[in-house]
Structures are given as C-alpha cells and as structure tokens.
There are 2 protein chains.
Amino acid sequence: MSNFDVALAEAAALTDAAMDDLIPISDGPEKQVMEAMRYSVLAGGKRLRPFLVIASADLFSVSRSCSERVAAAIEMVHTYSLIHDDLPAMDDDDLRRGKPTCHVKYGEATAILAGDGLLTLAFEIIAGEETHVRAEVRCELALELARAIGPQGMVGGQMLDLMAEDRNFDVPEITRLQRMKTGALIGISCLAGAILGKANKNQRHMLKAYAHDLGLAFQLIDDLLDIEGSEEEMGKAVNKDKAAGKATFVTLLGPERARSQAKLLIQQAIKHLDIFGEKGNLMRVLAEFVELRRK
Amino acid sequence: MSNFDVALAEAAALTDAAMDDLIPISDGPEKQVMEAMRYSVLAGGKRLRPFLVIASADLFSVSRSCSERVAAAIEMVHTYSLIHDDLPAMDDDDLRRGKPTCHVKYGEATAILAGDGLLTLAFEIIAGEETHVRAEVRCELALELARAIGPQGMVGGQMLDLMAEDRNFDVPEITRLQRMKTGALIGISCLAGAILGKANKNQRHMLKAYAHDLGLAFQLIDDLLDIEGSEEEMGKAVNKDKAAGKATFVTLLGPERARSQAKLLIQQAIKHLDIFGEKGNLMRVLAEFVELRRK
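Residue numbers restart at each chain and count upward from 1, following the sequence in its written direction. Each chain is given a letter, starting from A, and each ligand a number, starting from 1, according to the order in which they appear as written. Thresholds applied to this predicted model are a pLDDT of at least 70 for local features of residues and 80 or more for the giving and counting of side-chain atom pairs; totals over whole chains, interfaces and linings are not thresholded and use all residues.

### Let's talk about the overall build of chain A
Consideration 1: Strands are runs of DSSP state E lasting at least two residues, helices are runs of H or I lasting at least four, and both sets are numbered from the N terminus onward. Within chain A, the secondary structure is distributed over 15 helices and two strands.
Consideration 2: Taking 295 residues into account, the globule formula puts the C-alpha radius of gyration at 19 Å, and chain A, at 18 Å, falls close to it.
Consideration 3: C-alpha extents for chain A along the principal axes are approximately 50 × 50 × 40 Å.
Consideration 4: When the 295 residues of chain A are sorted by exposure, 55% land in the buried category.
Consideration 5: We call two residues in contact if the C-beta atoms placed from their backbones are at most 7 Å apart. A separation of at least 24 residues holds for 73% of the contacts in chain A among residues at least 6 apart in sequence. For the radius of gyration, the atom set is restricted to C-alpha positions; the globular benchmark scales as 2.2 Å times the number of residues to the power 0.38. Any residue with 12 or fewer other C-beta atoms within 10 Å of its own C-beta is exposed, any with 20 or more is buried, and the rest are partly exposed; the C-beta atoms used are placed from the backbone.

### Details of the relation of the copies chain B and chain A
Consideration 1: Least-squares fitting of chain B to chain A yields an RMSD of 0.0 Å, with the transformation described by 0.0 Å of translation along the axis and a rotation of 180°. Such values leave the two copies arranged in the relation of a two-fold axis.
Consideration 2: The share of interface residues of chain B whose copies in chain A are also at the interface is 100%, consistent with both copies meeting through the same surface. Here the copies are superposed with least squares, the fitted atoms being C-alpha atoms of residues at a pLDDT of at least 70 in both.

### Digging into helix H6 (residues 108-127) of chain B
Consideration 1: Its 20 residues give H6(B) an end-to-end C-alpha distance of 29 Å, which sits within 8% of 28 Å, the value for a rise of 1.5 Å per residue.
Consideration 2: The buried fraction of H6(B) is high, at 19 of 20 residues. Residue count minus one, scaled by 1.5 Å, sets the expected span of a helix.

### Examining the interface of chain B and chain A
Consideration 1: Every contact between the two is made by 44 residues of chain B and, on the other side, 44 residues of chain A.
Consideration 2: Of all the secondary structure elements, the ones that give two or more residues to the side of chain B that touches chain A are helix H2 (31-41), H6, helix H7 (135-149), helix H8 (154-163) and helix H9 (171-196) of chain B.
Consideration 3: Top element by residues in the side of chain B that touches chain A is H6(B). It accounts for 13 residues.
Consideration 4: When residue character is reported, Ala, Val, Leu, Ile, Met, Phe, Trp, Tyr, Cys and Pro are called nonpolar, Asp, Glu, Lys and Arg charged, and the others, Gly included, polar. Considered class by class, the residues forming the side of chain B that touches chain A number 26 nonpolar, ten polar and eight charged.

### A word on the nonpolar core
Consideration 1: For our purposes the nonpolar core covers buried Ala, Val, Leu, Ile, Met, Phe, Trp, Tyr and Cys residues that link as a set through C-beta atoms within 7 Å. Counting residues in hydrophobic clusters, the biggest one holds 199 residues, and the most contacted among them are Ala142(A), Ala217(A), Ala142(B) and Ala217(B).
Consideration 2: Residues within four places of Ala217(B) in sequence aside, it is in contact with Ala262(B), Leu265(B), Ile266(B), Ala269(B), Val290(B) and Glu291(B).

### Considering the packing of helix H6 (residues 108-127) of chain A against H6(B)
Consideration 1: Here the axes come from fitting lines to C-alpha atoms, over the contacting stretch only for helices, and the angles between their N-to-C directions go from 0 to 180 degrees. Interaxial distance between H6(A) and H6(B) falls to 11 Å at its minimum, and their mutual angle equals 15°. One element, H6(A), and the other, H6(B), form an angle in the roughly parallel class. The way H6(A) lies across H6(B) gives a crossing that is right-handed. Facing Ile112(A), Asp116(A), Leu119(A), Thr120(A) and Phe123(A) of H6(A), the residues of H6(B) in contact are Ile112(B), Asp116(B), Leu119(B), Thr120(B) and Phe123(B).
Consideration 2: Partitioning the contact of H6(A) with H6(B) into residue classes produces six nonpolar, two polar and two charged. For classification purposes, an angle smaller than 35 degrees is called roughly parallel, one larger than 145 roughly antiparallel, one from 65 to 115 roughly perpendicular, and anything else oblique. What makes a crossing left-handed is the near helix being turned counterclockwise from the far one by less than a right angle; a clockwise turn instead makes it right-handed.

### A look at unusual backbone geometry
Residue and element names in this part refer to chain A.
Consideration 1: With a phi close to 55°, Asp92 is a non-glycine residue in the positive phi region.
Consideration 2: Inspection of the secondary structure puts Asp92 in the loop between helix H4 (64-86) and strand E1 (95-96).
Consideration 3: Taking the C-beta count within 10 Å as the criterion, Asp92 has 13 such neighbours and is therefore assigned partly exposed.

### So, helix H2 (residues 31-41) of chain A
Consideration 1: For H2(A), the tally of buried residues reaches eight of eleven residues, placing the bulk of the element in the interior.
Consideration 2: Taken residue by residue, H2(A) has Gln32(A), Val33(A), Met34(A), Ala36(A), Met37(A), Tyr39(A), Ser40(A) and Val41(A) as its buried positions.
Consideration 3: Considering only its buried residues, H2(A) is in contact with helix H1 (3-22), H4, helix H5 (102-106) and H6 of chain A together with H8 of chain B.

### Concerning the environment of Gln32(B)
Consideration 1: Take Gln32(B): it is sitting in helix H2.
Consideration 2: Taking C-alpha positions, Gln32(B) is 9.9 Å from Leu113(B), a pair spaced 81 residues apart along the chain.
Consideration 3: Filtering out sequence-adjacent residues up to four positions away, Gln32(B) remains in contact with Met159(A) and Thr110(B).

### A word on the environment of Val133(A)
Consideration 1: On the secondary structure map, Val133(A) appears in the loop between H6 and helix H7 (135-149).
Consideration 2: Along the chain, Val133(A) and Asp93(A) lie 40 residues apart, while their C-alpha atoms are 41 Å from each other.

### What about the environment of Glu173(A)?
All names here are of chain A.
Consideration 1: Note on placement: Glu173 falls in helix H9 (residues 171-196).
Consideration 2: Residue Glu173 is classed as partly exposed on the basis of its 17 C-beta neighbours within 10 Å.
Consideration 3: Here the alpha-carbon distance between Glu173 and Leu191, two residues 18 residues apart in the chain, equals 25 Å.

### Some thoughts on the confidence of the model for chain A
Consideration 1: A residue's pLDDT is the confidence the predictor assigns to it, expressed on a 0 to 100 scale. When pLDDT is averaged across chain A, the result is 93; 97% of the residues are at 70 or more.
Consideration 2: Scoring of the predicted complex yields 0.96 for pTM and 0.95 for ipTM.

### As for the packing of H6(A) against H7(B)
Consideration 1: Orientation of H6(A) relative to H7(B), taken along the N-to-C sense of each, is 145°, at an axis distance of 8 Å. Here H6(A) runs over H7(B); the crossing is left-handed. On H7(B), the residues that touch Thr120(A), Phe123(A), Glu124(A) and Ala127(A) of H6(A) are Cys139(B), Ala142(B), Leu143(B), Ala146(B), Arg147(B) and Ile149(B).
Consideration 2: The residue makeup of the contact of H6(A) with H7(B), split by class, is seven nonpolar, one polar and two charged.

And the structure:
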C-alpha cells in the first residue's frame, strides 16, 4: 500500500471508530432510530470528506482527537443527505454503498427520522467541548457547516437537482447545482481543518480554492462513472440520470471534454496547495485519486 | 387585552418579524425551498415556545435583539418537526394551523427539504455572532438545543409515537414519549433564557422544573382538545389518536383525571417560579393560559 492508501484507510478507520462511539448501540426508547443511523453511517464508503477534514487539520498539526470528531460529524451530515435523497419522494433509490437504502431496510418514517437525527447529532458533536477547547472555534465550525448545508448550499442544491428533471439545465446551471449540492460540503470539509488550526487568511483562501476545484472535478468523474460503471462496482444504481433524461456534465460536454475538464481542475486544485509545501502531499495525492477513481 | 395577551402578541410579532427577516423572499436557485420554509413558519400559531424563550430571557434582562433570534430559531425547529411529522410516511396530515400542510402545498420532496432547511438554519442563527457576544453562550445554546431535539429527545419521541400505533403504551411510557416529543423542546425554550442570561444553578433548575411540568400539562390539555375540539377550532385534524386506536393520557386516565392532573402540574409549575418574584408573573400567567386554552 502507498502512503496515501494508508492515510485514506487510517482516516476512514478513525472516523468509523468515532461514529461507532458517538452513535452507541442503544437499548432505550431511541433504539430503532439509533439502529437505522448506525446502519447507514457504518455502511462503508470512501470517506472522502473525513479524509479532507483530517488531512487539512494535519496541515496545522491539529490534534487528531479534535479532527476525528469533526470528520465524524461531517460524514454524518453526508450520510443524512444520502438517506433523505434516496427516499421515494426524492430520487427513490434502493441501493447505496452496496446495501439496501435506509428506507428499504427500516421503512420511510424511520429513514426520515434517522436523517434528522444524524443532522442534529452533527451539530451536537461540533458544539461539544471535546471538539475544541475554544468556543469561538466550535461556533465558527457550526456556523460555516450550517451555511454550507442549508438552503443556500446542499439543501438548495438537492432542490435544484429535483427541478433538473423537469427542465434541461445548461453548463452554468449544472455547475451552480453541483457547487451547492456536493461542492459546499467538500468545501467545509477542507475549511474545517483551517478553522481548527486557526489558519491565516491566505491559507484559508488556498484551501477553499482547492476544495472548489476538487469538488467540481469529483462531480465530473461521478457523472462519467454513472455512464461507464456497473451497479455492482458502484454499489448504487447507475445510468439513472440518463434514464431520467437529466442533463449532466457528460451529456452536455461529452465524455472526452468532461474528462479533460476534470484533469484540468485537478491540476489547478494541486497548484493551490503550493504554499503548504511538502505537508500538502497527501491532499495532492487525494486530488489525483479523485481523478483516477473507478468507483 | 390583559398584560399577558399583549405580551403573548408581542412575542409572536417579534418572532414573526425575525423569521421574516431570516428567511428572505428569494429569487436565487433556492427560491422554491425558501418559499416552502416561509409558508410553514409564517402560517401563524400560538408561538408558545418563542414566548417562553423571550419571557425566560426577560427574567435576566437579556436584550430582545438576542432573545428574538433564539425564539425564531426554536420556532423554526418546531415548524421543521411539524412538517416532517405531517408527511405521508409519518402521520399523514393534510391540515396544519388551518392551512394545507407543506407537502400538500409544495409536494413531498420540497417539504422534506424545507424541514431540513429549517433545522439547519436554526443552528446557523444560534451560532451567529448577533445571537450573543460570547461564543461560550452560543455554543451552549447549540449544544443544549441539539441534545433536546436529537435521537434522545424530539426525534426519538416521534419514533416512539410511530411505534405507539402498533402497541398500546401505558402511562409511564406515554409520559416518556411526551417528555421526549414535546417536553424537550419546551424545556430548551425555557433553558435558553437562562443560558442567554447566565443564570445561576438554582435559577436554571427552577426554570427546568417549570418547563417539565408545563410541558406535560400542555400535552394533557392537547389530548383533551383532540377529543373535545373541532377541526375548525384547532386548525388541524382532530380525533386522530382515537381513530388510530392509539393510547393517550385521556384514553388511559379518562378526561376528568387528565384535567385534574393538568391542573396539578400547572400549580406545581407556577410554584417553581417563586424565586423570580414579580418578574415571573408573565410566565405564571402563561401556565394558566396553557391550562385554560381552547385550541
């Protein structure tokens, strides 16, 4: 395994352990909803966002006991968004991370509540004293997270995505949609490390720029894999956008331009890490991994 | 109008103005979800929780510009819980506050996202600097709110409520369910004032005890009104629990014992306010209002 593979596996293991700890197996009245929350968060996944939190915090030598909590909170937010997006009233997906989706396993009502519970728990974790000794830092994290995932961020992006089924979006519209739907959470994942590490203005700016380009490249590759990948490889339904007649980067640009665009964005993303010198290596390799991933 | 009526109307007006301001009419991509959020939060209601936030903060002479923001955030959380509880997969209600429910008006997908958006926005407001000059205070508010409304609070209570359809709960079980489902948010509404006002331990304890008794009395009266009230008066479906064969305080205790129990709890709640002297008068009258309310 390369250093990067080790680091990715380590970040995933830290995050899984933190989530396992933060959503304990319960015998109380909340048993059923906690079980559904555990089922969805512990279903595996690349743990890309937790990696970004931990790697960006590592740039500033933030204690892992802080960054792993924030990584867990952000992965819970990501999982809540998947649970709600998969609901019959939304994208109506049965398969996620190779397993039945939360509502298929536990029913719709429990899935809605499991999503609500994960979102709420994420803020409880961020606001908790163990996340950082300084309340200013915890408050800034909560504020930036809420901004990234609210109506002007992730929630608004999912709304746009649903509207994209009725009307063909053009490239600027799809770009805006993806910045809100997936880019904003990737952005706060990188910014979280900067906030925890009390980064200066320029460092913050560079991490934001890195996340910006990485997020869009991630989506371009996702659209390519939706065309090229199999359901078995991806662990989720594929070719859905095409079946729904929805415009994506790939349908609008064609696969070749989409891939070269992704390549360009990854190069740009890596360039933004220059100021971090060698310390930025893992985040550089992560960007290459996003470009070359096959699922 | 009595002093109390004026104070109740004033708290509602302050909260409505704050919410109107915090969820602006939007022309951006988030237009549809913001519109659904505005529709549900500005549909009126008693604004009991905002009143409790503002009245408890007034005990400590907290600036209204702080308490009205927290009141708005907590009313948004209450509204998010109503939107999600009303969904077809949950309680399947068509009428709320005398108007079509959010999913009837905007569709299920938008309603799910409007609820998610309101929950997220509530934390954005609480974490924002305008809420309190000290980050410790804002963080404690966010932490206590998250605890009150997560799997061990409101979300867990709604889960129990759904399970109550399949199995007849006894009085201790219904009491636990209600403490989680409605009591926890009423509790944080009163505690919020104490946190904003940096209340001492005894003052906090008394406000928690007041909220505890008030919350349970509120639910007893709610169950009575569900039997006695008309749909027109209540602005929502009535007799639903009976139709679903669900146990309530009234089916278990009978209406007379339920009413005398509520009376006793209100007397207890008022007693907890003794340490606040005359300053506690509005919260005393609020307790009497809860006992005597007709809708």
